[in-house]
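Close look at the chain arrangement
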Amino acid sequence: MLEALEEAKKAADMGEVPVGAVIVRDGEIIGRGHNETETRKDPTAHAEMAAIRQAAEHLQGWRLIGCTMFVTAEPCSMCAGAIVWSRIEKLYIGTMDPKSGACGSVFNIPQERRLNHFTEIETGLMQEECSGIMKDFFKQLRKRKAEEKQ
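Bear in mind that the values here come from a model prediction, so they are computed numbers and not experimental data.

Quick look at the side chain of Thr119
- If you trace the backbone, Thr119 turns up in the loop between strand S4 (90–95) and strand S5 (120–123).
- According to the relative accessible area criterion, Thr119 is buried, its value standing at 0%.
- Those residues within four positions of Thr119 in sequence are excluded, and the remaining contacts are Ile83, Ile88, Glu89, Lys90, Leu91, Pro110 and Gln111.

Brief notes about the packing of helix H1 (residues 2–13) against helix H5 (residues 127–149)
- Interhelical geometry of H1 versus H5 gives an angle of 5° and a closest axis separation of 11 Å. Here H5 runs roughly parallel to H1, going by the angle between their axes. Residue-level contacts link Leu5, Ala8 and Lys9 of H1 to Glu129, Cys130 and Ile133 of H5.
- In terms of residue class, the contact of H1 with H5 is built from four nonpolar, no polar and two charged.

Brief notes about the UniProt feature "domain: CMP/dCMP-type deaminase" (unreviewed entry) in the protein chain
- Per the UniProt record, the feature "domain: CMP/dCMP-type deaminase" (unreviewed entry) sits at residues 1–122.
- Taken end to end, residues 1–122 is 31% helix and 24% strand, and its two terminal C-alpha atoms sit 12 Å from one another.

Examining the packing of aromatic side chains
- Summed over all chains, the structure comprises two aromatic pairs.
- Aromatic pair Phe70 and Tyr92: ring centres 4.8 Å apart, planes at 10°, arrangement stacked. Residue Phe70 is located in strand S3 (residues 67–73), and its partner Tyr92 is located in strand S4; the two are separated by 22 residues in the primary sequence. Neither residue differs from the other here; Phe70 and Tyr92 are each classed as buried.
- Look at Phe137 and Phe138: their rings are 5.1 Å apart centre to centre, the planes differ by 85°, and that puts the pair in the edge-to-face class.
- A relative accessible area of 31% places Phe138 in the partly exposed class.
- Note that Arg113 overlies the ring of Phe118, its terminal NZ or CZ placed 3.9 Å from the centroid.

A word on the sheet that holds S5
- Here we have five strands laid out as an open sheet, ordered S2-S1-S3-S4-S5, and mixed in their pairing. Each of the sheet's edge strands pairs with one partner strand only, and the pair in question is strand S2 (28–34) and S5. Averaged over all pairs of adjacent strands, the angle between their axes in this sheet comes to 15°, without regard to strand direction.
- Where S3 lies against S4, five bridges are found, and the strand directions are parallel.

The rules we used
- Residues numbered from 1 in each chain as written.
- Predicted model: local features only at pLDDT ≥ 70, side-chain atom pairs only at ≥ 80, totals over all residues.
- Heavy atoms only, no water.
- Helix = DSSP H or I, 4+ residues; strand = E, 2+ residues; numbered from the N terminus.
- Buried < 20%, exposed > 50% of the residue type's maximum accessible area, 1.4 Å probe, protein only.
- Contact = heavy atoms within 4.5 Å.
- Axes fitted to C-alpha atoms, helices over the stretch in contact; angles between N-to-C directions.
- Parallel < 35°, antiparallel > 145°, perpendicular 65-115°, else oblique.
- Nonpolar A, V, L, I, M, F, W, Y, C, P; charged D, E, K, R; others polar.
- UniProt positions renumbered as here; feature names shortened; annotations may be inferred.
- Phe/Tyr/Trp six-rings, centres within 6.5 Å; stacked < 30°, edge-to-face > 60°.
- Lys NZ or Arg CZ within 6 Å of the ring centre and 35° of its normal.
- Pairing = 2+ DSSP bridges.

Next up, the structure:
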């Protein structure tokens with residue numbers, strides 16, 4: 001999760017929502033990413049999607065069997081779907097997203113028994129640090145917006 005937090009910091013430094021993700025297989029990081037939605041003007045440029053793409057490229061295939069994802073904030077429905085489709089076996093989440101999280105908060109797509117794959121989920125890993133970076137980012141954003149209005 002420390003590596004995912006480093007990715008989240010990269011996103012924050014770019015003015016992006018600070019979410020970071022890494023994918024590990026056999027003790028090696030094979031994919032990493034951070035949010036770049038604003039930078040790339042791409043609604044799919046989420047941390048999880050970047051990490052999945054990089055891991056698939058590393059493995060030369062889209063099935064990420066034997067892989068674990070560490071992500072600082074609960075994935076959205078798009079990313080949760082990609083986690084299922086890519087066959088990620090385990091997902092560690094730092095902080096939950098009660099407004100749009102799709103891995104236990106609003107929905108639980110990776111553990112939907114009607115789908116073809118089930119992902120084990122563990123939440124709260126480094127929760128304080130993961131929620132803290134999000135809180136700090138949005139506090140700064142609100143402050144900047146208030147200053148722009150003046």
